[in-house]
Amino acid sequence: MERKKIYFQKEKDSFFQDLKSEIDSYFSENKLNTTANGFFYAKAILFTSVYILSYISIYVFGDNISFLFLIYPFIGIWGVFLGLNVGHDAAHNAVFKKRKYNFILLHVFDLLGTNSYNWKNRHIGAHHLFPNIMHYDSDIQQSSVVKIFPKDQHKSFHRFQHLYMPFLYMIYIFRWVVYRDFKDLFSKKIGAFNNTNFPKKEIIKMVFFKALYLLLTIFLPAIIVGHAFILFFILFLLLTTFASLCITMVLLSTHVGEEANFPEPDSNGVMPHSWSHHHLKTAADFSTESFVITHLFGAFNHHVIHHLFQNICHIHYPQLTKILKRVASKHNLKYRSTKHLHSAVFSHFKLLYNNSSKFKIKTQNDG
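From a predicted model like this one, the values you see are computed outputs, not experimental measurements. (Residues numbered from 1 in each chain as written. Predicted model: local features only at pLDDT ≥ 70, side-chain atom pairs only at ≥ 80, totals over all residues. Heavy atoms only, no water.)

Engineer: Can you explain the overall build of the protein? Please cite residues and give values.
Structural biologist: Across its full length, the protein holds 15 helices and 6 strands. The C-alpha atoms of the protein give 21 Å as radius of gyration, which agrees with the globular expectation for 367 residues (21 Å, within 12%). With respect to the principal axes defined by its C-alpha atoms, the protein has extents near 65 × 55 × 40 Å. The 367 residues of the protein split such that 53% are buried. Relative to all contacts within the protein whose residues are 6 or more apart in sequence, the contacts with residues 24 or more apart total 72%. Just so you have it, the protein exposes about 17,500 Å², and 64% of that area is on carbon and sulfur atoms. Charged side chains in the protein number 39 positive and 23 negative. The centres of these two groups are separated by 4 Å. (Helix = DSSP H or I, 4+ residues; strand = E, 2+ residues; numbered from the N terminus. Rg over C-alpha atoms; globule rule 2.2 N^0.38 Å. Buried < 20%, exposed > 50% of the residue type's maximum accessible area, 1.4 Å probe, protein only. Contact = heavy atoms within 4.5 Å. Areas by Shrake-Rupley, 256 points an atom, 1.4 Å probe, with all protein chains shown as cover. Lys, Arg positive; Asp, Glu negative; His and termini not counted. Charge placed at Lys NZ, Arg CZ, Asp CG, Glu CD.)

Below you can see the structure in the form of structure tokens.
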């Protein structure tokens, strides 16, 4: 499918100008940089240390099979936290001022079994440019097995999607590690991103890091600890299952709830809203008052401000969200947020149910 060029309307009010002005003042008055601070570095060191120590414990306590069945799921979940807190900010060049240092840090994704090159292209080159736009946002819908966009092609099995998708979400990371990255390698388009010139060095890196990841999670523990390979393959499946449940809880809670908006371009590719209003309408927050949720999930729960200011380190988002709420209210614009994570996740499955029948087409909600 050939995708037309997308254009956003010009800003018709001073919402974004006022928001940017207040945020600039916040950093100036508090003498802060928009990049990482000491608290971020402390978090990064802590999260990395916990991950490494957890991995080492496999060899120290590996004789105890019960321990292995506890530590592998923990490593899976903690790997998600590490990726969200460190890799995600690095992808947005929000940790260091110099891009080359962010690029180095971005390889945390590769060490976790996923390909950083593909992920950045999907996330930055498609999702952040065109959030919630059908055929352009590759993060929102990655397979025809689920119908996220209300006006997408309907298939007969979609009527059961609210029942089977919880199980398919459990293999999200496994599919990403062993299949999706290789599929992207042969895809000319990833959403709106032109993927025709895939660098050869990135192919080599992909194969190397995936082989290294499988070596470290399955083969090396089996050789050193001494248990059967099949046991560690089962443990690997357990690791990816818990990692999948963790990451999908976060991803499902920011763009695809029951009240989600899916704006569409007109025949000329012009969107109905300005750039800032589009992001305000398509992103949503959750659990913004929770210190634990915020710092485990790399402030992914402060998702609206992230979309409006993606190059600011997540450590600043709790304070910036307060400014966003105030400015949005001043301009009588709707800011969407769910108080609890479980409510946001439940809202996603309501969306799946609403889209489960071709007769339940939800109209565009510009609220």
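Engineer: Talk me through unusual backbone geometry; I want residue IDs and the actual numbers.
Structural biologist: Phi angles above zero are rare outside glycine, and Asn93 is one such case at about 55 degrees. With respect to the helices and strands, the residue Asn93 is situated in the loop between helix 3 (65–91) and helix 4 (99–106). For His135, which is not a glycine, the phi torsion comes out positive at approximately 80 degrees. Position of His135 relative to the elements: it lies in the loop between helix 6 (116–127) and helix 7 (161–168).

Engineer: How would you sum up a nonpolar patch on the surface? Please name residues and give values.
Structural biologist: Together, Ile65, Phe69, Ile230, Phe233, Ile234 and Leu237 line one region of the surface with nonpolar side chains, adding up to about 490 Å² of accessible area. Among the elements that line the nonpolar patch, the one with the most residues is helix 10 (residues 229–251), at 4 residues. Residue classification places Ile65 among the partly exposed residues on the basis of a relative accessible area of 38%. (Patch = residues over 30% accessible without salt bridge, like charges linked within 9 Å, V, L, I, M, F, W, Y side chains within 5 Å. Salt bridge = Lys/Arg side-chain N within 4 Å of Asp/Glu carboxyl O.)

Engineer: So what's going on with the packing of aromatic side chains? Which residues, and what values?
Structural biologist: All told, the structure shown has 23 aromatic pairs when counted by the stated rule. A centroid spacing of 5.2 Å and a plane angle of 65 degrees characterise the contact between Phe149 and Phe262, whose relative ring orientation is edge-to-face. A residue pair is termed long-range when its members are at least 10 positions apart, and Phe149 in the loop between helix 6 and helix 7 and Phe262 in the loop between helix 10 and strand 4 (270–274) qualify at 113 residues. Of the two residues examined, Phe149 and Phe262, each falls in the buried class. Taken together, the ring pairs connect Phe47, Phe74, Trp78, Phe81 and Phe297 into an aromatic cluster. (Phe/Tyr/Trp six-rings, centres within 6.5 Å; stacked < 30°, edge-to-face > 60°.)

Engineer: Could you give an account of the packing of helix 8 (residues 172–185) against helix 9 (residues 200–225), naming the residues involved and the relevant values?
Structural biologist: The contact between helix 8 and helix 9 brings their axes to 11 Å, and the two run at 175 degrees. With respect to helix 9, the axis of helix 8 lies roughly antiparallel. Contacts between helix 8 and helix 9 involve Trp176, Val177, Asp181, Phe182 and Leu185 on the former and, on the latter, Ile203, Met206, Lys210 and Tyr213. Of the residues belonging to the contact of helix 8 with helix 9, the class tally is 7 nonpolar, no polar and 2 charged. (Axes fitted to C-alpha atoms, helices over the stretch in contact; angles between N-to-C directions. Parallel < 35°, antiparallel > 145°, perpendicular 65-115°, else oblique. Nonpolar A, V, L, I, M, F, W, Y, C, P; charged D, E, K, R; others polar.)

Engineer: I'd like a rundown of the side chain of Ser57, residues and numbers included.
Structural biologist: Along the chain, the position of Ser57 falls in helix 2 (residues 38–60). The exposure class assigned to Ser57 is buried, which follows from its relative accessible area of 9%. The contact partners of Ser57, leaving out residues within four places of it in the chain, are Gly62, Phe67 and Ile71.

Engineer: Just give me the short version of the nonpolar core, but keep the residues and values in it.
Structural biologist: The biggest cluster of nonpolar side chains holds 52 residues, and the ones touching the most others in it are Ile58, Tyr72, Phe232 and Phe297. Only helix 2, helix 3, helix 5 (108–111), helix 8, helix 9, helix 10 and helix 15 (341–354) provide two or more residues apiece to this core. When sequence neighbours within four positions are dropped, the list of residues in contact with Phe232 reads Ile58, Leu68, Tyr72, Thr217, Ile218, Pro221, Ala222, Val225 and His227. Counting residues in each nonpolar core, the second largest holds 20 residues, with Ile23, Leu280, Phe309 and Leu320 among its members. (Core = buried A, V, L, I, M, F, W, Y, C linked by side-chain atoms within 4.5 Å.)

Engineer: Got a sec to walk through the pattern of salt bridges? Specific residues and values, please.
Structural biologist: Inspection of every chain in the model, using the stated rule, returns 10 salt bridges. A salt bridge links Asp18 to Lys330, with the shortest nitrogen-to-oxygen separation between them at 3.5 Å. With Asp18 in helix 1 (residues 15–29) and Lys330 in helix 14 (residues 317–330), the pair connects residues that are 312 residues apart, well separated along the chain. Accessibility expressed as a relative area gives 57% for Lys330, which makes it exposed. A salt bridge links Lys334 to Glu259; the nearest nitrogen and oxygen atoms lie 3.8 Å apart. Highlighted residues: Lys334 in the loop between helix 14 and strand 6 (337–338) and Glu259 in the loop between helix 10 and strand 4, separated in sequence by 75 residues. Lys334 sits in the partly exposed class, given a relative accessible area of 41%. Accessibility expressed as a relative area gives 45% for Glu259, which makes it partly exposed.

Engineer: Pulling in residues and values, what's your account of helix 14?
Structural biologist: Over its 14 residues, helix 14 extends 20 Å from the first C-alpha to the last, a length consistent with the 20 Å expected when each residue adds 1.5 Å. Buried within helix 14 are the following residues: Tyr317, Leu320, Thr321, Ile323, Leu324, Val327 and Ala328. Along the axis of helix 14, the buried residues cluster in a sector spanning 160 degrees; they form a single face. Of the residues in helix 14, the exposed ones pointing more than 90 degrees away from the buried face are Ser329 and Lys330. (Expected span 1.5 Å × (residues − 1). Arc of directions from axis to C-beta.)

Engineer: Give me helix 1: which residues, what numbers.
Structural biologist: The α-helix advances 3.6 residues per turn, and as a result positions three or four apart in sequence lie on the same side. Here helix 1 spans 21 Å end to end across 15 residues, near enough to the 21 Å set by a 1.5 Å rise per residue. Listing the buried residues of helix 1 in full gives Phe15, Asp18, Leu19, Ile23, Tyr26 and Phe27. The buried residues of helix 1 occupy an angular sector of 170 degrees when projected down its axis, which confines them to one face. Exposed residues on helix 1 whose side chains face more than 90 degrees from its buried face are Gln17, Ser28 and Glu29. Each element contacted by the buried residues of helix 1 is listed here: helix 11 (275–282), helix 13 (303–308) and helix 14. Of the residues one or two after helix 1, Lys31 is the one with positive phi, at around 50 degrees.

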